[in-house]
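Structural features, examined
Given next are the chains, with one letter for each unit.
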Amino acid sequence: NFHIPSLDTVVQGHYYQLWTRSYASKILFEPLAILYFDFYIHSNYAIREIQKVLIARGHAVDADNVPGAETIDAINSDKNPSALHDAILDAREAYLREVAGYGSNAQFLPGWLARLREFPRLSVGVGTGLILLSIIVFIIWRQNRIHQTK
């Protein structure tokens, strides 16, 4: 008996094969795994661009555009996964802007960038971090002062 699988079954199976083949399932930090996978399925050179980011962050990987254990190990060993996530976002935007310069691709750039903006930035900038730290210090100082006057 021949059985035609449902569209949902086909999509789920195809998605799982891509997820596994891309090695995204091996990335420990989920937001980074999702960003990695989304880049992988939307670009022929995603892995190379991610590898370039890893190299710039001091990891010893080859920019060979081949997903594998070396790349995934570098991703998982990065000291600041949130900053790595945001660096990949930046690299992906630069890549999209470069691709938009070829032929008639410029018309697609607004949509590509809109998709990219669906991924939140995860790392806190130095300025924002200092402001938050200042607020916390002020609150602690004020609490101590209130307790001292009682």
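Keep in mind that this is a model prediction, so the values were computed, not measured. (Residues numbered from 1 in each chain as written. Predicted model: local features only at pLDDT ≥ 70, side-chain atom pairs only at ≥ 80, totals over all residues. Heavy atoms only, no water.)

1. Remarks on the packing of helix α5 (residues 81–99) against helix α6 (residues 109–116)
Direction vectors running N to C along α5 and α6 enclose 170°, while the axes themselves pass 10 Å from each other. Taken together, the axis directions place α5 and α6 in an arrangement best described as roughly antiparallel. Taken together, the residues of α6 that come into contact with α5 (itself represented by Leu89, Arg92, Glu93, Leu96, Arg97 and Val99) are Leu109, Trp112, Leu113, Arg115 and Leu116. Partitioning the contact of α5 with α6 into residue classes produces seven nonpolar, no polar and four charged. (Axes fitted to C-alpha atoms, helices over the stretch in contact; angles between N-to-C directions. Helix = DSSP H or I, 4+ residues; strand = E, 2+ residues; numbered from the N terminus. Parallel < 35°, antiparallel > 145°, perpendicular 65-115°, else oblique. Contact = heavy atoms within 4.5 Å. Nonpolar A, V, L, I, M, F, W, Y, C, P; charged D, E, K, R; others polar.)

2. Observations concerning the confidence of the model for the protein
Residues with a pLDDT of 70 or more make up 88% of the protein, whose mean pLDDT is 88. When pLDDT is averaged over each helix and strand of the protein, the minimum, 70, is found for helix α7 (residues 126–149) and the maximum, 98, for helix α3 (residues 46–56). (pLDDT = per-residue confidence, 0-100.)

3. Some remarks on the side chain of Asp86
Tracing the backbone shows Asp86 in helix α5. The buried charged residue Asp86 lacks any salt bridge partner; its closest oppositely charged side chain belongs to Arg121, at an N-O distance of 4.3 Å. Asp86 has contacts with Pro120, Arg121, Leu122 and Ser123, leaving out every residue within four places of it along the chain. (Buried < 20%, exposed > 50% of the residue type's maximum accessible area, 1.4 Å probe, protein only. Lys, Arg positive; Asp, Glu negative; His and termini not counted. Salt bridge = Lys/Arg side-chain N within 4 Å of Asp/Glu carboxyl O.)

4. A look at the pattern of salt bridges
On inspection of all chains with the given rule, the structure shows seven salt bridges. Among the salt bridges present, the one from Asp38 reaches Arg92, with a minimum N-O distance of 2.7 Å. Linking Asp38 in helix α2 (residues 30–42) with Arg92 in helix α5, this pair joins segments that are 54 residues apart in sequence. With relative accessibility at 4%, the residue Arg92 sits in the buried group. Its salt-bridge partner being Asp90, residue Arg121 comes within 2.3 Å of it at the nearest N-O pair. Pair noted here: Arg121 is in the loop between α6 and α7 and Asp90 is in helix α5, with a separation of 31 residues, a long-range link. Since its relative accessible area comes to 48%, Arg121 is described here as partly exposed. Since its relative accessible area comes to 41%, Asp90 is described here as partly exposed. Beyond isolated ion pairs, a larger network of salt bridges with shared partners links Asp38, Arg92 and Arg115.

5. Quick word on the packing of aromatic side chains
Across all of its chains, the model carries three aromatic pairs by this definition. Seen from their ring centres, Trp19 and Phe37 are 5.1 Å apart, and the 70° between their planes marks the pair as edge-to-face. Of the two residues, Trp19 is situated in helix α1 (residues 7–21) and Phe37 in helix α2; the sequence distance between them amounts to 18 residues. Owing to a relative accessible area of 4%, Phe37 belongs among the buried residues under this scheme. (Phe/Tyr/Trp six-rings, centres within 6.5 Å; stacked < 30°, edge-to-face > 60°.)

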